[in-house]
Amino acid sequence: MTSIPSQAAPALAIRADAEVVENRSEGGANHRLRLRVQGWPGSTPGQFVMLSPGSVGEVRRDDPLLPRPMAVYREHPAAGGAAEVEILYRVEGRGTALLTESAPGEAIRIVGPLGQPFPLAAAAARCLVVGGGTGVASLYGLVEALAAESRPEVLLGARSADDLMAHDDFAALGRPLVVTTEDGSLGETGLVTAPLERALARGDVDTVYSCGPTPMMRACAELAAAAGVRCFVSLENNMACGFGACLGCAAPRPAGDYALVCRDGPVFEASEIAWDGLP
Amino acid sequence: MSAAVDTKVDLGGISLRNPVLTASGTFGYGTELAPFLDLTRIGGFVAKSLTPQPRIGNPPPRIAEAPAGMLNAISLENVGVEAFVRDKLPALPDGVTVIASVFGTEPAHYAEVCKRLAGVPRVAGVEVNASCPHVKAGGIEFGQDPRALAELVRTVKRATGQPVLVKLSPNVTSIAEMARVCEGEGADGLSLVNAVQAMDVDVARRRTVLRNGLGGLSGPAIRPIALRMVWQAAQAVSIPICGIGGIMTAEDAVKFLLCGAVAVQVGTANYLDPAAAGRIADGIAEYAAEQGFPRVIDLVGALESW
């Protein structure tokens with residue numbers, strides 16, 4: 001098993017009123033949001049933010065009440081010492097529907113960067129990065145950060161071509177890319193676990209990174225474990241705060257206690273999770 | 001903040017630089033919020049409820065959004081009183097006012113925690129979380145049974161010389177009766193209200209949204225109920241009251257002061273905006289200045305009659 005080199009500790013989180021630069025549909029329910037954030041300390045791949053659309057200064061909106069956790073898709077420096085933070089989201093409920101209404105120039109409260117990032121595999125390690133549904137948004141920065149020597153391969157799954165997030169961005173990274181759709185509208189027909197199984201069968205993979213629906217991540221974890229390969233997953237959970245205060249985002253551990261997805265995760269080694277206990 | 005306004009209040013012997021505390025269970029052990037808020041800017045915070053031993057919480061889902069609020073059933077997960085004193089308190093910056101929340105399934109457990117906290121210099125007072133089921137009394141909440149509540153307050157008062165606040169449950173017919181019981185047993189102040197017992201259902205899965213079934217409703221949805229109960233309790237007793245329930249803004253906090261609360265606790269709002277309590281503290285002072293009150297304490301009970 002390849003050792004994971006130590007990484008610098010993630011930056012301390014901030015609370016800021018971010019300015020919407022762009023917020024547009026990418027076809028289907030997928031949206032891309034670009035935010036300008038003053039004082040952004042920089043995030044590490046795998047970290048997330050809490051977004052409160054329509055809130056600036058005083059809390060003005062009572063319903064829907066809670067902020068929404070969103071992966072940092074990517075970020076880059078912007079004019080005036082600010083940073084631009086990019087978020088990919090899918091409209092699935094009232095919070096994300098409200099998020100679509102934030103127009104350029106308006107403010108969205110952001111708290112972040114939060115959580116533990118993906119540990120980066122050693123440069124020589126061979127990595128598979130497996131994304132499904134909105135989980136794809138957590139993985140772009142990771143693929144960018146993994147060293148070229150590690151020849152990361154990217155496997156992306158979606159229900160249909162319309163649902164697949166950020167396909168063009170991933171293709172432009174120039175890494176080997178396999179796409180699966182359940183309806184066959186793009187790439188291979190079926191689940192993303194099929195190409196994962198084939199890749200693991202080669203016997204040259206050191207590390208699997210996975211983010212997507214819980215059943216998909218669990219399947220990835222089980223396939224990796226069977227192949228004796230280390231697997232990191234990035235979990236989702238209901239979350240009110242994102243910084244370890246509400247204790248709402250408990251994920252069961254094999255010992256019978258709980259990790260917090262926001263503070264101890266969202267990235268976990270798959271063996272740290274008692275998968276049967278996840279909702 | 002308006003320098004001209006005196007913001008100090010006294011909550012049952014706990015001296016606060018301003019009337020804004022944060023509510024137990026919404027502010028961790030303080031350090032979680034420290035990156036976002038100068039903890040010396042607020043009156044203080046009430047730490048996560050402590051039990052004699054560490055306690056593991058409920059299986060997920062533990063929280064869910066509700067109309068203008070949220071449901072939670074965390075089940076009082078905490079590090080235990082020993083780790084709180086040893087690890088959590090020393091990690092706080094100087095000048096932060098800390099109130100320890102205590103909890104147990106029988107009065108002796110509360111007393112044990114209070115005795116461990118007695119003489120700990122960083123602890124300004126204790127808040128008795130009376131919303132726990134009393135095992136020996138058949139599982140009814142301490143805060144729902146006047147006799148169990150009286151026994152609990154009496155036991156805690158014997159166990160500690162520190163100021164004792166009692167946090168009352170809203171799930172009662174007469175909050176005034178519960179307030180009088182606490183006052184009669186020597187409580188130094190009251191905090192109200194705790195979360196309102198509630199539930200919700202996921203029709204797609206035909207299950208309750210929380211694994212625990214029942215949970216506590218908090219947030220703006222309960223604010224008018226909380227305000228009514230604070231007003232009723234303030235009519236019933238002369239010990240100071242700390243108002244809690246869906247406070248999101250300084251205006252919300254002022255309503256509680258006008259209804260008779262000496263201080264307030266900000267809870268669910270900390271999740272939405274970890275700097276909320278500081279903003280609310282500033283806003284109360286600004287309101288007092290605008291309204292011509294030289295001291296924030298003068299707002300307490302200053303509700304005009306029709």
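Residues numbered from 1 in each chain as written. Chains lettered and ligands numbered in written order. Predicted model: local features only at pLDDT ≥ 70, side-chain atom pairs only at ≥ 80, totals over all residues.

Student: An account of the overall build of chain B is requested, with residue identities and associated values reported.
Tutor: Secondary structure summary: chain B contains 8 helices and 16 strands in total. Against the 2.2 N^0.38 benchmark of 19 Å for 306 residues, chain B shows a C-alpha radius of gyration of 18 Å, consistent with a compact globule. Per-residue burial over chain B gives 57% buried out of 306 residues. Taking the contacts inside chain B whose residues are at least 6 apart along the sequence as the reference set, 71% of them involve residues at least 24 apart. (Helix = DSSP H or I, 4+ residues; strand = E, 2+ residues; numbered from the N terminus. Rg over C-alpha atoms; globule rule 2.2 N^0.38 Å. Buried ≥ 20, exposed ≤ 12 C-beta atoms within 10 Å, placed from the backbone. Contact = placed C-beta atoms within 7 Å.)

Student: Run through the overall build of chain A, naming residues and quoting values.
Tutor: Scanning chain A from terminus to terminus reveals 5 helices and 16 strands. Over its C-alpha trace chain A gives a radius of gyration of 18 Å, about what one expects of a compact globule, namely 19 Å for 279 residues. By principal-axis analysis of the C-alpha atoms, chain A measures approximately 55 × 40 × 35 Å. Evaluated residue by residue, chain A yields a buried proportion of 50% over its 279 residues.

Student: Before we move on, can you summarise the environment of B:Met229 with the specific residues and values?
Tutor: Along the chain, B:Met229 turns up in helix H5 (residues 223–236). With 27 C-beta atoms counted inside 10 Å, the residue B:Met229 sits in the buried group.

Student: Give a description of the environment of A:Pro69 that names residues and reports values.
Tutor: Residue and element names in this part refer to chain A. Inspection of the secondary structure assignment puts Pro-69 in strand E4 (residues 68–71). Taking the C-alpha atoms as reference points, Pro-69 and Ser-52, separated by 17 residues in sequence, lie 9.3 Å from one another. Other than its neighbours up to four places away in sequence, Pro-69 contacts Phe-48, Met-50, Met-239 and Gly-242.

Student: Give me the confidence of the model for chain A: which residues, what numbers.
Tutor: A low pLDDT means the predicted coordinates there should not be read in detail. Residues and elements named next belong to chain A. Of all residues in chain A, 95% have pLDDT values of 70 or greater, and the mean over the chain is 91. Averaged over each element, pLDDT in chain A is lowest for helix H1 (residues 94–99) (91) and highest for strand E16 (residues 267–269) (98). Across residues 1–5 the pLDDT falls below 50, and counting only partners more than four positions away or on other chains, this stretch makes 11 contacts in the model. (pLDDT = per-residue confidence, 0-100.)

Student: Would you mind going over helix H8 (residues 276–290) of chain B in detail, with residue names and values included?
Tutor: Residue and element names in this part refer to chain B. Look at H8: 21 Å from first C-alpha to last across 15 residues, which is about the 21 Å you get at 1.5 Å a residue. Three or more residues of H8 are buried, namely Ala-276, Ala-277, Gly-278, Arg-279, Ile-280, Ala-281, Ile-284, Ala-285 and Ala-288. The elements touched by buried residues of H8 are strand E3 (20–22), helix H6 (250–258), strand E16 (263–266) and helix H7 (269–272). A positive backbone phi angle near 80° is found at Gly-292, which sits one or two residues after H8. (Expected span 1.5 Å × (residues − 1).)

Student: Could you give an account of unusual backbone geometry, naming the residues involved and the relevant values?
Tutor: Across the junction of A:Gly265 and A:Pro266, the peptide omega takes the value 10°, indicating a cis bond. Here the bond from B:Leu192 into B:Val193 is cis, since omega is 10°, no more than 30 degrees from zero. By the element assignment, B:Val193 lies in the loop between strand E10 (189–192) and strand E11 (196–198). The phi torsion at B:Ala68 lies on the positive side, around 50°, for a residue other than glycine. With respect to the helices and strands, B:Ala68 occurs in the loop between strand E5 (63–66) and strand E6 (69–72). Although it is not a glycine, B:Arg206 adopts a positive phi angle of roughly 50°. By secondary structure assignment, the location of B:Arg206 is in the loop between strand E12 (201–202) and strand E13 (207–208).

Student: Can you explain the interface of chain A and chain B? Please cite residues and give values.
Tutor: If you look at the interface, chain A gives 30 residues, while chain B gives 36 residues. For the side of chain A that touches chain B, the residue count by class is 18 nonpolar, 6 polar and 6 charged. (Nonpolar A, V, L, I, M, F, W, Y, C, P; charged D, E, K, R; others polar.)

Student: Mind laying out the sheet that holds E6(B), listing which residues take part and the relevant values?
Tutor: Residue and element names in this part refer to chain B. Read from one edge of the open sheet, 4 strands run E5-E6-E14-E11, paired in antiparallel fashion. Edge strands, defined here as strands with exactly one partner in the open sheet, are E5 and E11. Each neighbouring strand pair of the sheet contributes to a mean axis angle of 35°, computed without reference to strand direction. The pairing of E11 with strand E14 (residues 215–218) spans 3 bridges and is antiparallel. Across the sheet, Ala-198 pairs through a bridge with Gly-215, a residue of E14. (Pairing = 2+ DSSP bridges. Axes fitted to C-alpha atoms, helices over the stretch in contact; angles between N-to-C directions.)

Student: Summarise the packing of helix H2 (residues 107–117) of chain B against helix H3 (residues 146–159) of chain B; cite the residues concerned and give the values.
Tutor: Residues and elements named next belong to chain B. Across the interface, H2 lies against H3 with an axial gap of 9 Å and an inter-helix angle of 25°. In terms of orientation, H2 and H3 fall into the roughly parallel class. The interaxial crossing formed by H2 with H3 has right-handed handedness. Contact with H2, carried on its side by Pro-107, Tyr-110, Ala-111, Cys-114 and Lys-115, involves Glu-151, Leu-152, Thr-155, Val-156 and Ala-159 of H3 and no other residues of that element. (Parallel < 35°, antiparallel > 145°, perpendicular 65-115°, else oblique. Left-handed = near helix turned anticlockwise from the far one by under 90°.)

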